[in-house]
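Listed below, chain by chain, are the residues.
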Amino acid sequence: MKKILLLSVMLLVGVLTYAQQALWGGAPVVSPDIHDDNTVTFRIKAPKAVKVQVTGDFLPPIPIETPRGVWEAAGIADMKEGKDGVWEFTTPEPLGPELYSYSFIVDGLKVMDPANVYMIRDVATVTNVFLIGGGRADLYKVNDVPHGTVRRMWYDSPTLKMKRRLTVYTPAGYETSGKRYPVFYLLHGAGGDEEAWIALGRTSQILDNLIAQGKAEPMIVVMTNGNAWQEAAPGESSKGFTVPSMASQESKEVSQGAFEKAFPDVVKFVDRTFRTKANKHNRAIAGLSMGSYHSGNISRYYPDLFDYVGLFSGAPNTKSNPDVPVYADFEGKLKVQFAKHPALYFIACGKIDFVYKSVTDYRKLLDDHGYKYEYYESDGGHIWRNWRVYLTEFAPKLFK
C-alpha cells in the first residue's frame, strides 16, 4: 500500500513538474524574439531538416501576375542552422509598428511556429502573428482603456430563409448607460466571414482606443457574414467543420445580389435588439474588397438607410443588369443616392492594389457627375495592413 502511495506521489510530482515547464519556460526556443531596436529573430528547432525558411508580410513581397492584376504574396527568407538544430533568421532592419503574420517552411512543408501560440485564420490559411507597437499600431493593442463587449449572435433572415450569425461590438459602458448609439455595419472580403474584422482587422481594439482618445464617437459595430449561402463562419454552423474556401457549389446556386437585397433583415434585427439611433444619419456601412462591392450596392439600392459609406479596396458593380434588381439601372440609382447628399462617401485604395484601376475608373465616374467623395490612398496592395489603416481613418469621421 505504501509503495502504491509513493508511486502515486512521484507520478503526481512528475506531472506537475512537466506542467510547470510547459507554462513557465519549457519551450526549447524563443520565437519571435523582438529586440529593443525592433529587429526580430525567428527560431525553430528542426535538427533533421535540410532547408528551413520563414515567410511573412514583414519581408519584401513577391509580386504574382494574375488575370486581375498583380497580387502580393508574402516574402520568403532562408534561415541558418545553429547549435542543437535550432534554425534562426533575424530581420536585417528594424520592423516598423504593425501587426505582422508569418510561418515557417521546413523542407517544403509549411508549419506554424511551435514557440508562438498566437495564430489567426484568413480564409483557409493559418499564420502566427506578433505586434510591434508605436504610432498607428498602438491602436491595434489592448491598452489600459475602457473596453467594449464583443458578442456572437444569431438572427433570422426571412429573405435568405435561414438563421445567420453575426458579430457585434458594443462600446464601453453600453450595458449601463441607457443611451442610444449609432451603428456602423462593417463587411468582410471574399473568403471571409463574421470573424474576419474582429480577428484580422482588430476592430474591437481599434474602436476601444479611438473612443477612449475621444477621436471616435461611441458606436455599435456590426460585422456580418457576407456569404449569402452561409449560416456562419466555417466550423460555427450546422454544416460542421467544413473547409474554408473563397466560394462553393452552394454559392453558385444563390442568386446574385441576394446578400445586398437581404441586408434590411440585419438592420431590423439590430434596431430591435440593441439601443440604436434608428435613422439614416446614425447608420454607416463600409467594407473591404467584396465588402466594398456590397457596401456600394447596398447603399445605392437602399439610399435611405445609410448616411456614411466606405469603400475599402474596391468599388460597386457599375454594370447595370436588368435581370437583378440590385444591379439594375446603376447610374439612375446612383443619382438618387447622391441627390440625398450622403454625409460621407469615402474611398480608399493602395497604390499597387490589383483593384486600383477599377477604383480609379469608379472615381472618374463620380467626378464626371459631380458627386462628392473623400479619397485616401496608401502604399501597398490588397492586404489587411491597409484595411486596418482605412478603418482607423474612416471611424473617426462617423456620426459627427
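Residues numbered from 1 in each chain as written. Predicted model: local features only at pLDDT ≥ 70, side-chain atom pairs only at ≥ 80, totals over all residues. Heavy atoms only, no water.

A. Molecular detail of the nonpolar core. Grouped together as the largest cluster of nonpolar side chains are 45 residues, with contacts concentrated most on Tyr185, Val222, Phe263, Tyr345, Tyr362 and Leu366. The element contributing the most residues to this core is helix H7 (residues 263-273), with 5 residues. Aside from chain neighbours lying at most four places away, what touches Leu366 is Leu334, Phe338, Tyr345, Ile347, Tyr371 and Tyr373. Counting residues in hydrophobic clusters, the runner-up holds 37 residues, among them Leu99, Tyr140, Tyr169 and Leu391. (Core = buried A, V, L, I, M, F, W, Y, C linked by side-chain atoms within 4.5 Å. Buried < 20%, exposed > 50% of the residue type's maximum accessible area, 1.4 Å probe, protein only. Helix = DSSP H or I, 4+ residues; strand = E, 2+ residues; numbered from the N terminus. Contact = heavy atoms within 4.5 Å.)

B. A look at the side chain of Ser295. Tracing the sequence through the fold places Ser295 in helix H8 (residues 290-301). By relative accessible area, which is 0% here, Ser295 ends up buried. Polar contacts involving the side chain of Ser295 include one to the main-chain carbonyl oxygen of Gly291, which spans 2.7 Å. Setting aside chain neighbours within four positions, we find Ser295 in contact with Leu187, Ile285, Ala286, Gly287, Val309, Gly310 and Leu311. (Polar contact = N/O pair within 3.5 Å; in protein donor to acceptor, adjacent residues only side chain to side chain.)

C. Region of interest: the sheet that holds strand E7 (residues 80-81). An order of E1-E2-E8-E7 is seen for the 4 strands of this open sheet, with the pairing classed as antiparallel. Of all strands in the sheet, those with a lone pairing partner are strand E1 (33-34) and E7, marking the two edges. Two strands pair when backbone bridges link them, and E1 and strand E2 (residues 40-45) are joined in this way by 2 bridges, in the antiparallel orientation. Paired with Ile34 across the bridge in E2 is Val40. (Pairing = 2+ DSSP bridges.)

D. Seen up close, the pairing of strand E18 (residues 308-312). With 5 of 5 residues buried, E18 lies mostly within the body of the structure. Side chains Tyr308, Gly310 and Phe312 of E18 all project onto a buried face; the interleaved residues Val309 and Leu311 project onto the opposite face, where all are buried too. Relative to E18, strand E17 (residues 283-288) runs parallel, the two sharing 5 bridges. When the bridges of E18 are listed, Leu288 appears paired with Phe312. Here E18 pairs with strand E19 (residues 344-350) via 5 bridges, running parallel. Residue pairing in the sheet places Val309 in a bridge with Tyr345 of E19. Crossover handedness for the path E18 to helix H9 (residues 330-339) to E19: right-handed. (Right-handed = clockwise from strand over helix to strand, strands pointing away.)

E. A look at the side chain of Asn227. Relative to the assigned elements, Asn227 resides in the loop between strand E16 (220-223) and helix H5 (249-253). Sequence-distant contacts of Asn227, defined by excluding residues within four places in its chain, comprise Arg164, His188, Gly192 and Met290.

F. How the structure looks around the pattern of salt bridges. All told, the structure shown has 19 salt bridges when counted by the stated rule. For the salt bridge of Arg165 with Glu195, the shortest nitrogen-to-oxygen distance reads 3.0 Å. Within this pair, whereas Arg165 is found in strand E14 (residues 162-170), its partner Glu195 is found in the loop between strand E15 (183-187) and helix H3 (196-199), the two being separated by 30 residues in sequence. Put simply, Asp271 and Arg283 hold a salt bridge, and the shortest N to O gap is 3.0 Å. (Salt bridge = Lys/Arg side-chain N within 4 Å of Asp/Glu carboxyl O.)

G. Region of the structure containing the sheet that holds E18. Spatially, the 8 strands line up as an open sheet ordered E13-E14-E16-E15-E17-E18-E19-E20, and their pairing is mixed. Of all the strands in the sheet, just strand E13 (149-157) and strand E20 (374-378) have a single pairing partner and so form its edges. Averaged over all pairs of adjacent strands, the angle between strand axes in this sheet comes to 20 degrees, irrespective of strand direction. Examined bridge by bridge, E13 and E14 share 9 bridges and lie antiparallel to one another. Bridged to Ser157 within E14 is Met162. (Axes fitted to C-alpha atoms, helices over the stretch in contact; angles between N-to-C directions.)

H. Local environment of the environment of Ile34. Mapped onto the fold, Ile34 is located in strand E1. For Ile34, a relative accessible area of 35% translates into the label partly exposed. It is 9.4 Å that separates the C-alpha atoms of Ile34 and Leu131, two residues lying 97 residues apart in sequence. Ignoring sequence-local partners within four residues, the contact set of Ile34 consists of Thr39, Val40, Phe130, Leu131 and Ile132.

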